[in-house]
Protein chains: 2
Amino acid sequence: MNQHIGNQTVVFGTPPVIINTASIVGTKEGEGPLARFFDEVLTDDKWGEKTWEKAESKLQRETALTALKKADLPPSAVEYVLAGDLLNQCVGAHYGLRDLDIPFLGLYGACSTMAESMSIGSMIIGGGYANNVMCVTSSHFCSSEKQFRTPLEYGGQRSPSAQWTVTGAGCAILSSQGAGPKITRVTTGKIVDMGVTDLTNMGAAMAPAAVDTVTAHFKDTGLRPIDYDLILTGDLGVVGSDIFTELMLAEGYDVLEEHKDCGKMIYNIDEQDVHAGGSGCGCCGSVFCGYIYDELINGHLKDILVIATGALMNPQMVNAGESIPSIAHAISITMD
Amino acid sequence: MNQHIGNQTVVFGTPPVIINTASIVGTKEGEGPLARFFDEVLTDDKWGEKTWEKAESKLQRETALTALKKADLPPSAVEYVLAGDLLNQCVGAHYGLRDLDIPFLGLYGACSTMAESMSIGSMIIGGGYANNVMCVTSSHFCSSEKQFRTPLEYGGQRSPSAQWTVTGAGCAILSSQGAGPKITRVTTGKIVDMGVTDLTNMGAAMAPAAVDTVTAHFKDTGLRPIDYDLILTGDLGVVGSDIFTELMLAEGYDVLEEHKDCGKMIYNIDEQDVHAGGSGCGCCGSVFCGYIYDELINGHLKDILVIATGALMNPQMVNAGESIPSIAHAISITMD
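Residues numbered from 1 in each chain as written. Chains lettered and ligands numbered in written order. Predicted model: local features only at pLDDT ≥ 70, side-chain atom pairs only at ≥ 80, totals over all residues. Heavy atoms only, no water.

Draft legend 1. Structural detail: the interface of chain A and chain B. Listed per partner, the contact involves 54 residues of chain A and 55 residues of chain B. Of the roughly 4,800 Å² buried between chain A and chain B on both sides combined, carbon and sulfur atoms contribute 61%. Applying the counting rule to chain A against chain B returns 6 salt bridges. Residues A:Asp193 and B:Arg98 are paired through a salt bridge, measuring 2.5 Å at the closest nitrogen-oxygen approach. Counting every contact that joins chain A to chain B gives 28 residue pairs in polar contact (both at pLDDT 80 or more). Contributions of two or more residues to the side of chain A that touches chain B are made by helix 2 (52–71), helix 3 (91–97), strand 6 (104–106), helix 4 (113–126), helix 5 (141–148), helix 10 (315–319) and strand 15 (326–334) of chain A. Sorting elements by how many residues they give to the side of chain A that touches chain B places helix 4 of chain A first, with 6 residues. Broken down by class, the residue content of the side of chain A that touches chain B amounts to 27 nonpolar, 18 polar and 9 charged. (Contact = heavy atoms within 4.5 Å. Buried area = accessible area lost by both parts, 1.4 Å probe. Salt bridge = Lys/Arg side-chain N within 4 Å of Asp/Glu carboxyl O. Polar contact = N/O pair within 3.5 Å; in protein donor to acceptor, adjacent residues only side chain to side chain. Helix = DSSP H or I, 4+ residues; strand = E, 2+ residues; numbered from the N terminus. Nonpolar A, V, L, I, M, F, W, Y, C, P; charged D, E, K, R; others polar.)

Draft legend 2. Expanded view of the packing of helix 4 of chain A against helix 9 (residues 281–297) of chain A. Residues and elements named next belong to chain A. Where helix 4 contacts helix 9, the axes come no closer than 8 Å and their chain directions differ by 60 degrees. Contacts between helix 4 and helix 9 involve Thr113, Met114 and Met118 on the former and, on the latter, Cys281, Cys284, Gly285, Phe288 and Cys289. For the contact of helix 4 with helix 9, the per-class residue count stands at 6 nonpolar, 2 polar and no charged. (Axes fitted to C-alpha atoms, helices over the stretch in contact; angles between N-to-C directions.)

Draft legend 3. Layout of the environment of B:Leu97. Mapped onto the fold, B:Leu97 is located in helix 3 (residues 91–97). If near-sequence neighbours (up to four positions away) are discounted, B:Leu97 is found in contact with A:Ile191, B:Gln60, B:Arg61, B:Ala64, B:Val81, B:Ala83, B:Phe104 and B:Val136.

Draft legend 4. A look at the relation of the copies chain A and chain B. Mapping chain A onto chain B calls for a rotation angle of 180 degrees and an axial translation of 0.0 Å; the resulting RMSD is 0.0 Å. Such a combination of rotation and displacement between the chain copies is what one expects of a two-fold axis. Taken as a fraction of all interface residues of chain A, those also at the interface in chain B reach 100%, which identifies the copy contact as same-surface. (Least-squares fit on C-alpha atoms with pLDDT ≥ 70 in both.)

Draft legend 5. Region of the structure containing the packing of helix 2 of chain A against helix 5 of chain A. All names here are of chain A. Helix 5 packs onto helix 2 with a crossing angle of 130 degrees between their chain directions and a minimal axis gap of 8 Å. Considering the angle they form, helix 2 stands oblique to helix 5. Here the hand of the crossing between helix 2 and helix 5 comes out left-handed. Residue-level contacts link Trp52, Glu53 and Glu56 of helix 2 to Cys142, Ser143 and Lys146 of helix 5. (Parallel < 35°, antiparallel > 145°, perpendicular 65-115°, else oblique. Left-handed = near helix turned anticlockwise from the far one by under 90°.)

Draft legend 6. Seen up close, helix 5 (residues 141–148) of chain B. Residues and elements named next belong to chain B. The buried fraction of helix 5 is high, at 6 of 8 residues. Buried residues of helix 5: Phe141, Cys142, Ser143, Ser144, Glu145 and Phe148, and no others. Contacts made by the buried residues of helix 5 are with helix 2 (52–71), strand 7 (132–139), strand 8 (164–165) and helix 10 (315–319). (Buried < 20%, exposed > 50% of the residue type's maximum accessible area, 1.4 Å probe, protein only.)

Draft legend 7. The nonpolar core, seen in detail. With 115 residues, the main nonpolar core has A:Leu97, A:Met134, A:Phe244, B:Leu97, B:Met134 and B:Phe244 as its most contacted residues. In contact with A:Phe244, other than residues within four places in its own chain, are A:Ala207, A:Ala210, A:Val211, A:Val214, A:Thr233, A:Leu236, A:Val255 and A:His259. Core analysis: the second largest hydrophobic core is formed by 106 residues, A:Val25, A:Ala130, A:Ala308 and B:Ala115 among them. (Core = buried A, V, L, I, M, F, W, Y, C linked by side-chain atoms within 4.5 Å.)

Below you can see the structure in the form of structure tokens.
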């Protein structure tokens, strides 16, 4: 039987299985250390489309179709697709997935979307509402820069704390049965706003949200960092990761040994001119659905906690004097 | 036990109860025929805030707090809040609800958000994951016009098919127990895009999505229109409602008798200069959480189908030659 434990955590009676995943990334991500774990690496970040937004939509569509193919499932076998992205009105998801003909639940969790979709997806499977659910998300460096910061043509200088939005998409298919890693627990985050107003320092805005959710997870479950092989944050980057581990220590949890961050893993930070590392929904999306899923399947990882972190940032609100609220959702994944 | 029936519908083993609702609307909505059913009518649509966006955030916050007060629940008794709105990055929800300290799941379903949040909220309650869930949404005429169309100061002429975005918010609290109308079934919509590209005719874009979901609902359940006292669409308005009833008839379902539309109900269409009627997340949100909930509680309505419809419209995509994808989600509500 499903259980709600502590304040924010759910434990599944019958844990949903991640039966397959897919990931497609852009050119820069294809030059990074995880290149061989992605299903496809683009040679042209516009992918033959006329706009960056259409290219991002295509990323979601092709990643979803690749996952279905790998899982050997027709779209009609999937009861729900849960998806979102960073673009205004989530157009990456809507245009990318409109032809799938699958009941659609749209999410907005900024870069926390991969974990949010897998959280709700797990609850849908665990509640007996579906056999198969698809969780999809994406981001694109060019569409994000254009929307959140400055046009690429402007050629603005990037601050050292700035992160590089990953061009990529991830799709995970959750199922009520089958083989693969299982989602055993879900800890849903609260909105946390520590007053950060720097549009070029998302790591600092998001780290406190990650700390809030991960400490809640440990309090709710009674687990300790050592119970996990890996505590994987989505896109805190170099700056945010340091804040995260330091604040966790202040809360009494030493996660230095177990913690890794997708934003630090996807690029060769020192060589690829990405400043504080990767970010974007597609960062956690592609790294989890590529490299991490592989590591689970081949037995190198057994028990992991995945925390996708989202800066709920709207530049107009920040320019009007507001700070940046953030959120982080965590899921425990176990490979038997 | 929960069941997935047909292609898109879920039937709850133990139907979640809508234990209370709240709604707050703007000045124009307070001059409409449903004024007395709202908990509060603003006298100033900026509500003392510096921007329309901050006013919309305040709408979500105050509506959520009003609902909690009416239900006599502290925020700590609510396990999840599900919310979203029309603004880029859903800032109405994020800024409005950030201080609630409740685990947050952000949604983007455009004007379908009230039904989407109640759908997922019901699944969360029905899955045994929570005792209480809050579903919140809002829209604001001024923030919407500014973001989706032209600045108010521009004073552009409105086309006859244009709808008036409702300034208002709705909040429904779902619970695993207690008295009130019950959510018995949920039919989740697919993205439907019939090629409409007119930014001033959302009704035409959304009507086919409503038809798709409602016919799926009837096919999945074996029910007929006559099984409902009311088939309530969210914001098809005058133009979209006509298309909806006509297309439903072509599908073999005569809903003329049972169909009403929140966008036609909230204003005196002929007198309030709202052209094709109301729209926006807050349209279905405030009408359902105000007037309709009252009618259920006092026994005037017994079995209803609520279909909130969303135009997943992004003006930049439409200006780049794309059409407007739409979606509609339906929930069956029964008052014993």
